[in-house]
Amino acid sequence: MNIFKNFILYLLNLIRNHIHQPKILNYLIKLDIKNVFDVGAHEGETLEYLKKIKSISKIYSFEPQIEIYNKTLKKYDSDNRIILNNLALSSNTEDKIFFINALSSTSSFSILDKDSLWLKIKNIILNEKDSIKDSIILKTSTIDKYVNENNINIIDLLKIDTEGHELEVLMGSQKTIKENKVKYILIELHSSKMYKNYSKIKIEQFLKNNNFILMKSFKFPFQTFVDNLYEYKE
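This section reports on the structure supplied with the text.

Calculation rules
- Every residue gets a number counted from 1 within its own chain, in the order that chain's sequence is written.
- Predicted model: local features are reported for residues with pLDDT of at least 70 only, side-chain atom pairs are reported and counted for 80 or more only, and whole-chain, interface and lining totals are derived from all residues.
- The basis for every side-chain value is the complete set of heavy atoms in the structure, and neither hydrogens nor water enter the calculation.
- A pairing counts as a salt bridge when a side-chain nitrogen of Lys or Arg comes within 4 Å of a carboxyl oxygen of Asp or Glu.
- Here a strand is any run of E in DSSP of at least two residues, a helix any run of H or I of at least four, and the numbering for each starts at the N terminus.
- Partly exposed describes any residue whose relative accessible area lies between the buried limit of under 20% and the exposed limit of over 50%, with all areas from a 1.4 Å probe on protein chains only and scaled to the type maximum.
- Patch building starts from residues that exceed 30% relative accessible area and form no salt bridge, then joins like charges within 9 Å and nonpolar side chains (Val, Leu, Ile, Met, Phe, Trp, Tyr) within 5 Å.
- Surface accessibility in these figures is a Shrake-Rupley result with a 1.4 Å probe; residues are shielded only by whichever protein chains are displayed.
- As used here, the term nonpolar core means buried Ala, Val, Leu, Ile, Met, Phe, Trp, Tyr and Cys residues forming a set that is joined through side-chain atoms within 4.5 Å.
- Throughout, a contact is declared for two residues whenever any of their heavy atoms are within 4.5 Å.
- Paired strands, in this sense, are two strands between which DSSP finds at least two bridges.
- Pairing of aromatic rings covers Phe, Tyr and the six-membered ring of Trp, with a centre-to-centre limit of 6.5 Å; geometry is then stacked below 30 degrees between planes, edge-to-face above 60, and tilted otherwise.
- One less than the number of residues in a helix, times 1.5 Å, gives the span that helix is expected to have.
- What we call the bend at a residue is the angle made by axes fitted to the seven residues finishing there and the seven residues starting there.
- Helix axes are fitted only over the stretch in contact, all axes being lines through C-alpha atoms; the angle between N-to-C directions runs from 0 to 180 degrees.
- Comment: arc refers to directions from the helix axis out to C-beta atoms.

1. Details of the pattern of salt bridges
Counted by the stated rule, this structure contains ten salt bridges. For lysine 71, the salt bridge goes to glutamate 43, with nearest N and O atoms at 3.5 Å. Residue lysine 71 is found in helix H3 (residues 66-76), and its partner glutamate 43 is found in the loop between strand E1 (35-39) and helix H2 (45-50); the two are separated by 28 residues along the sequence. Owing to a relative accessible area of 25%, glutamate 43 belongs among the partly exposed residues under this scheme.

Rendered as structure tokens:
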């Protein structure tokens, strides 16, 4: 079973690194992007292709899992374009339960719906009865608070991949958005019904209400999510 699991994970990484991410990279290169927020950085999968965009001067990376953050610290600490933050972003500042999953890239504040067919399939692939391995209490912050404390004038690209917690991150950036400080948003949207109280429609409505127009969709092959790129239009 471990051979099957390792093969599937290898295949997904191959598709992500050689098909999916290059498509996004080739599109982003055409845009005038200088300051980037990478929310849900994990081990730097997105950082790897963002750092290839020569116009980018700063990438603010946010990863809440301390063990994963320490890995990225070893990889990117010498790169003066990248500012690493061991910080959990949400809609407000409070203590929240964070669920550590068997597949660390899917760890999240989101509560899993155990009746989800996709979750059951995922657990079979991972050879796990329960994909949640642990939970910890994390102090959350918001994009608005971080922007204010660090005197950030513009976020050219706000990338959000927080495994079902995307709307909360957006809600924590409302002041920054209303002050026209965000130009583009690259956000992962799910259709798997794997997370309780998750609503793709609410995310899309939030973006529409705040004058963000869909520019491009990047669908990941064989999976139930899409990376959508939105542009702010007054």
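2. Description of a nonpolar patch on the surface
Together, Phe7, Tyr10, Leu11 and Leu14 give the surface a local cluster of nonpolar side chains, amounting to about 390 Å² of exposed area. With respect to the helices and strands, tyrosine 10 occurs in helix H1 (residues 2-28).

3. Remarks on the nonpolar core
Core analysis: the biggest nonpolar cluster contains 31 residues, and Phe37, Ile143, Leu158, Ile185, Ile187 and Leu207 have the highest contact counts within it. Those elements that place two or more of their residues in this core are E1, strand E2 (58-62), helix H5 (143-149), strand E7 (155-160), helix H6 (166-171), strand E8 (182-190), helix H8 (200-209) and strand E10 (225-232). Ranked by residue count, the leading element in this core is E8, at four residues. Not counting the four nearest positions on each side in its chain, phenylalanine 37 is found in contact with Tyr60, Phe62, Ile143, Tyr146, Val147, Ile152, Ile155, Leu157, Leu158 and Lys159.

4. Quick look at the sheet that holds strand E4 (residues 88-89)
Ordered by their spatial adjacency, three strands build an open sheet running E4-E6-E5, and the pairing between neighbours is mixed. Where the open sheet ends on each side, the last strands, each with one partner, are E4 and strand E5 (95-101). Two elements, E5 and strand E6 (residues 132-141), share seven bridges in a ladder whose sense is antiparallel. From the neighbouring strand, aspartate 95 faces E6, where its bridge partner is lysine 139.

5. As for the environment of glycine 172
Residue placement: glycine 172 occurs in the loop between H6 and helix H7 (174-178). Residues in contact with glycine 172, not counting those within four places in the same chain, are Ser90, Ser91, Thr142, Ile143 and Asp144.

6. Quick look at the packing of aromatic side chains
Given two aromatic rings, one states the distance between the centres and the angle between the planes to describe the pair. Counted under the stated rule, the structure contains ten aromatic pairs. Measuring from ring centre to ring centre gives 5.8 Å for phenylalanine 37 and tyrosine 146, while their planes differ by 85 degrees; the resulting arrangement is edge-to-face. Taken as a pair, phenylalanine 37 in strand E1 and tyrosine 146 in helix H5 lie far apart in primary sequence, 109 residues in all. Geometrically, the ring pair formed by phenylalanine 220 and phenylalanine 225 is stacked, given 5.2 Å between the ring centres and 25 degrees between the ring planes. For the residue pair phenylalanine 220 and phenylalanine 225, the accessibility class agrees, reading buried in each case. Through a chain of ring-to-ring contacts, three or more aromatic side chains come together here, namely Phe37, Tyr60, Phe62 and Tyr146.

7. Here's the deal with the pairing of E6
As judged from the two bridges shared by E4 and E6, these two strands associate in the parallel manner. Considered in E6, the bridge of alanine 88 is made with threonine 140.

8. Examining H1
Between the first and last C-alpha of H1 there are 37 Å, a value that for 27 residues agrees with the 39 Å anticipated at 1.5 Å per step. At arginine 16, H1 shows its strongest bend, of approximately 40 degrees. By the burial criterion, the buried members of H1 are Ile8, Ile15, His20, Gln21, Ile24, Leu25, Tyr27 and Leu28.

9. Some thoughts on the sheet that holds E1
Pairing is mixed across the open sheet formed by seven strands, whose spatial order is E3-E2-E1-E7-E8-E10-E9. Among the strands making up the open sheet, the edge pair consists of strand E3 (82-85) and strand E9 (212-219). Direction aside, the axes of adjacent strands within the sheet are offset by 15 degrees on average. Relative to E10, E9 runs antiparallel, the two sharing seven bridges. By the bridge assignment, lysine 219 is partnered in E10 with valine 226.

10. Overview of H8
Of all the positions in H8, only Ile203, Phe206 and Leu207 are classed as buried. One side of H8 carries all its buried residues, which in axial view fall inside an arc of 95 degrees. H8 presents Ile201, Lys202, Lys208 and Asn209 as exposed residues on the side facing more than 90 degrees away from its buried surface. Buried residues along H8 sit against H6, H7, E8, E9 and E10.

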